[in-house]
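# What the coordinates show
So you can see what is in the structure, the chains are spelled out below.
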Amino acid sequence: MNKQRQAEIDLLMRDREALAALIEQHDMVLNAIHAMPQMFYVVKNDKLLFCNRHLAEFYDLPEGVTAAGTPWSAMMEAILSTHLSDTDLSIEEMKAEVIRKIHDNGRFRRSWALEDGRHLVIEAMDCGNDTIIVTYTDVTALKNAQKKAEASERAKAAFLANMSHEIRTPMNGVMGMAELLCATDLTDTQSVYASTILKSGEALLTIINDILDFSKIDAGQMKLHPAPFSIAEAIEDVAVLISSRVSDKNLELAVRIQPDLPAMFVGDAGRLRQILTNLMGNAAKFTDEGHILAALSGEPCEEGYKLTFKIEDTGIGIPEDKCASIFEKFNQADDSATRKHEGTGLGLAITASLVNLMGGEIGVESKQGEGSTFWFTVTLPVHEGEEKPAAAPVDVSGARIAVIDDNDVNRKILNEQLTGWGYECVLYENGHEGLSGLREQVAAGTTPDLLILDYHMPGMTGADVATLLRADPAFKTLPIVMLTSVDEASGNSFLSLGVNAHLTKPARSSLLFDTIIRVLQKSASAKTEEEEPAGDAPAPQPAAAPKTETTPEEPASSGGLDVLVAEDNEVNRLVLTHILKETGVSFKIAVNGREALAMYAEHAPAIILMDISMPDMNGFDAARTIREAEAESGQHTPIIAITAHALKDDKDKCFAAGMDDYISKPISAARLKDRVIHWMRAAAEDAA
């Protein structure tokens, strides 16, 4: 009996010890829950089950509200009355919204900004068994950190804008004056010095642009601005841009675009051109002989088309161990002190960052001493408003076209283009083969309707072939389109050869297409006139009045003041003065925005060149004031922003202020003349 009682006592003691341990663990967990920074409470069957101390202290809730068994509505009312006393929803409506969102989405979540500046994220989720846990997370520190980060980003953006302005303003003076100096009568030595200054300035500007672009990317300020654009024009624009460098090294530059690709896509054409310019510019820099091929292909996908761009060259190539790191910043394939080619090592890093920003991939395949192929892919949507290319007229479709070109890449591209346009195509790889083949075609009764002839070929040049053809009666009237590199021959020499048209390589596909049609139509019309029998002479018609079209080199004068310039910088005023004098327009210069407004009211200029950063009144305010005045008069004076602020946001600000165009400094004389002529013509047409 005593043993049994003792056993019962021992069991009871063990239970008491277990209970004490359990109570101790419960207290530890409870203290931990009360001490945790996150606030929460638990509701079961619409009544409060538990509320941690942090939540009660945060809202200064009375003990009666936080006690177990308190109705959920009373708990919500006590919390909401502290910080949301002005809410239009009743407690029951808010509770119903929480339950509905939990039912629909699995959880309720809302961010609240409190009157004292603190921020909370409130979440509620269903834990099963009619139990809901509601958490309150104080994210004030995160919000403050976010505000500081945003302020830092704004400071970086302002720094970039100021850097761009401060660097480009003196660069405009250096390059602008150097360009004007090159256009004057100089001795050979002086010409070398002046052109060296200009080329060095252009090289420095490239470095500055690279650094600014890299800084924008690093600061997260680089953004894409998608818009409809022609994919062919984007590539061909870049090809034309680097064609002079390629021609200087006697290289072949070819562009191949998959014929069945849509013509128009939606994307950031400017950034795409920047990528292509970097890659094609590198190809031109590191290639001394052979060719450069820019190829575009694509395949449809859900988002539009996955486009693959390839830039192939026959240059020096890249060592295998450098290919993996070539896209890293400040990295160059040849980083030795004796390297032949200069550069910052940022171009490919910027290119890779832009491709990544577009959601694409980039890579390189190369063999040292054999050349490189850089490729990148981007996925772009097709522009829905795409216009179909104009079809060839019926009388020239299906024409037979012969091609004589010694470069295999060029022949393949021309063959692809011509067959894609519906023409029959025969290819010859040199002058001797071409002459023989053309004579065989005549003998077979399949004389070509047109010949596309390369000018620069070994052995027998295009000029030699054209001369021999024009001396042969069978080919005296054969239309010839000559393809030539930049400055390879003058227009007068082509006329003496009897060539019907000539294009600079790489010829834009649209320009080649239009030229072929024009030459074929003219040839067909001449043949028709020869075949028509002589009839009664038509009655004499009064002579048509001659058209008074303005030549591309001359602006359409307004009769009054042509150009009003607003520019505060003395050097820039001097540069603009020389350029505008060469353009042959009348102009006046204001030194700030307020003076520009007075001159605008007095002289009513045809167009305005407006600097942005000026004392007293900046260009933005001056432009807005002019537009407000014109809103009443119904007039519109073209305003061209000329500014050292070269970021995309600055361009958007100019347009938002009512300006019509934008030129960044340093100012190119040719670019400025072109825009002045364009907008003076537009102003003259509006006034007519």
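Now for a look at the structure at hand. (Residues numbered from 1 in each chain as written. Predicted model: local features only at pLDDT ≥ 70, side-chain atom pairs only at ≥ 80, totals over all residues. Heavy atoms only, no water.)

Turning our attention to the packing of helix H13 (residues 431–443) against helix H14 (residues 462–471). Geometrically, a packed helix pair is captured by the angle between its two axes and the distance between the axes. One way to put it is that H13 packs onto H14 with a least axis distance of 10 Å and a crossing angle of 25 degrees. As summarised for this structure, H13 and H14 are arranged roughly parallel, according to the angle between their axes. Between H13 and H14 lies a crossing whose hand is right-handed. On H14, the residues touching Gly431, Leu435 and Leu438 of H13 are Val465, Leu468 and Leu469. (Axes fitted to C-alpha atoms, helices over the stretch in contact; angles between N-to-C directions. Helix = DSSP H or I, 4+ residues; strand = E, 2+ residues; numbered from the N terminus. Parallel < 35°, antiparallel > 145°, perpendicular 65-115°, else oblique. Left-handed = near helix turned anticlockwise from the far one by under 90°. Contact = heavy atoms within 4.5 Å.)

What follows deals with unusual backbone geometry. The phi torsion at Asn45 lies on the positive side, around 55 degrees, for a residue other than glycine. Along the chain, the position of Asn45 falls in the loop between strand S1 (39–44) and strand S2 (47–51). A positive phi angle is found at Asp130, which is not glycine, with a value near 60 degrees. Turning to its location among the elements, Asp130 is positioned in the loop between strand S4 (119–128) and strand S5 (131–138).

Neighbouring strands of a sheet are bound in pairs by backbone hydrogen bonds; such pairs are parallel or else antiparallel. Spatially, the five strands line up as an open sheet ordered S14-S13-S15-S16-S17, and their pairing is parallel. Each edge of the sheet is formed by a strand with only one pairing partner; in this case those strands are strand S14 (424–428) and strand S17 (501–504). Each adjacent strand pair in this sheet contributes to an overall mean axis angle of 20 degrees, direction not counted. Bridge analysis of strand S15 (residues 450–454) against strand S16 (residues 480–484) gives four bridges, and the strand direction is parallel. Counterpart to Asp454 in the pairing with S16 is Leu483. The strands touched by H13 within the sheet are strand S13 (400–404), S14 and S15, with S14 carrying the most contacts at an inclination of about 140 degrees. Each of S13, S15 and S16 is contacted by H14, which is oriented at about 165 degrees to S16, the strand it contacts most. (Pairing = 2+ DSSP bridges.)

Another point: the environment of Val192. Examined against the element boundaries, Val192 turns out to sit in helix H7 (residues 188–218). Residue classification places Val192 among the partly exposed residues on the basis of a relative accessible area of 48%. Distance in space between the C-alpha atoms of Val192 and Cys182 is 9.1 Å, their sequence separation being 10 residues. (Buried < 20%, exposed > 50% of the residue type's maximum accessible area, 1.4 Å probe, protein only.)

This brings us to the pairing of S5. The sheet contact formed by S1 and S5 spans six bridges and is antiparallel. Paired with Lys44 across the bridge in S5 is Thr131. Of the pairings in the sheet, the one linking S4 to S5 comprises eight bridges and is antiparallel in character. Each residue of the ladder has a partner; that of Glu123, found in S5, is Thr135. The antiparallel pairing of S4 with S5 creates a hairpin that spans two residues between the two strands, and Asn129 there sits at a positive phi of about 55 degrees.

The subject of this paragraph is the nonpolar core. Leu276, Met280, Leu307, Phe309 and Phe376 are the most contacted members of the largest nonpolar core, which has 49 residues in total. Elements with a contribution of two residues or more to this core: helix H8 (231–248), strand S7 (252–257), helix H9 (269–285), strand S9 (291–301), strand S10 (304–313), helix H11 (347–357), strand S11 (361–367) and strand S12 (371–380). Contacts of Phe309, omitting those with residues within four sequence positions, involve Ile231, Ile235, Leu272, Leu276, Ala295, Leu296, Phe374, Trp375, Phe376 and Val378. In this structure, Leu48, Leu61, Ile79 and Tyr136 belong to the second largest nonpolar core, which totals 29 residues. (Core = buried A, V, L, I, M, F, W, Y, C linked by side-chain atoms within 4.5 Å.)

Helix length check: H9, at 17 residues, gives a terminal C-alpha distance of 24 Å against a target of 24 Å (1.5 Å per residue), a fit within 8%. With respect to burial, H9 is a largely interior element, 12 of its 17 residues being buried. Taken as a whole, H9 has its buried residues at Ala269, Arg271, Leu272, Gln274, Ile275, Leu276, Asn278, Leu279, Met280, Gly281, Ala283 and Ala284. (Expected span 1.5 Å × (residues − 1).)

Together, Leu19, Leu22 and Ile23 make up an exposed nonpolar region whose accessible area comes to about 290 Å². When you line up the elements, Leu19 lands in helix H1 (residues 2–35). (Patch = residues over 30% accessible without salt bridge, like charges linked within 9 Å, V, L, I, M, F, W, Y side chains within 5 Å. Areas by Shrake-Rupley, 256 points an atom, 1.4 Å probe, with all protein chains shown as cover. Salt bridge = Lys/Arg side-chain N within 4 Å of Asp/Glu carboxyl O.)

Taken together, the five strands give an open sheet; going across it, the order is S2-S1-S5-S4-S3, and neighbouring strands pair in antiparallel fashion. For this open sheet the edge positions go to S2 and strand S3 (107–113), each flanked by a neighbour on one side alone. On average, each strand axis in the sheet is inclined to that of its neighbour by 20 degrees, with strand direction left out of account. Where helix H5 (residues 91–105) meets the sheet, its contacts fall on S3, S4 and S5, and the angle it forms with S3 comes to roughly 130 degrees.

A few words on the environment of Arg109. Looking at the secondary structure, you find Arg109 in strand S3. C-alpha of Arg109 to C-alpha of Ile122: the two residues are 13 residues apart in sequence and 5.6 Å apart in space. Contacts of Arg109, omitting those with residues within four sequence positions, involve Val121, Ile122 and Glu123.

Before going further, it helps to spend a moment on helix H17 (residues 570–583). Under the 1.5 Å per step criterion, the end-to-end length of H17 is 20 Å for 14 residues, consistent within 8% with the ideal 20 Å. Within H17 the residues assigned to the buried category are Asn572, Val575, Leu576, Thr577, Ile579, Leu580 and Thr583. One side-chain oxygen at the N-terminal end of H17 lies 3.0 Å from the backbone nitrogen of Asn572; it belongs to Asn569. Two residues or fewer past H17, Gly584 is found with a positive phi of approximately 85 degrees. (Polar contact = N/O pair within 3.5 Å; in protein donor to acceptor, adjacent residues only side chain to side chain.)

Here we come to the packing of aromatic side chains. Here the structure, examined in full by the defined rule, presents eight aromatic pairs. Summarising the aromatic geometry, the rings of Tyr41 and Tyr136 are spaced 6.2 Å apart at their centres and angled 35 degrees between planes, so their arrangement reads as tilted. Placement of the pair is Tyr41 in strand S1 and Tyr136 in strand S5, with a sequence separation of 95 residues. Across the pair, exposure class does not vary: Tyr41 and Tyr136 are buried alike. Between Phe265 and Tyr305 the ring centres are 5.9 Å apart and the planes differ by 80 degrees, which places this aromatic pair in the edge-to-face class. Taken together, the positions of Phe265 in strand S8 (residues 264–267) and Tyr305 in strand S10 put the pair 40 residues apart, joining distant regions of the chain. (Phe/Tyr/Trp six-rings, centres within 6.5 Å; stacked < 30°, edge-to-face > 60°.)

Judged by how many residues are buried, S10 sits mostly within the fold: seven of 10 residues are covered. In this sheet, S10 lies alongside S9 in antiparallel orientation, the contact comprising 10 bridges. If you follow Leu293 over to S10, its bridge partner there is Glu312. Connecting S9 to the next strand, S10, in antiparallel fashion are two residues. Pairing between S10 and S12: eight bridges, direction antiparallel. Across the sheet, residue Glu312 finds its bridge partner in S12, namely Thr373.

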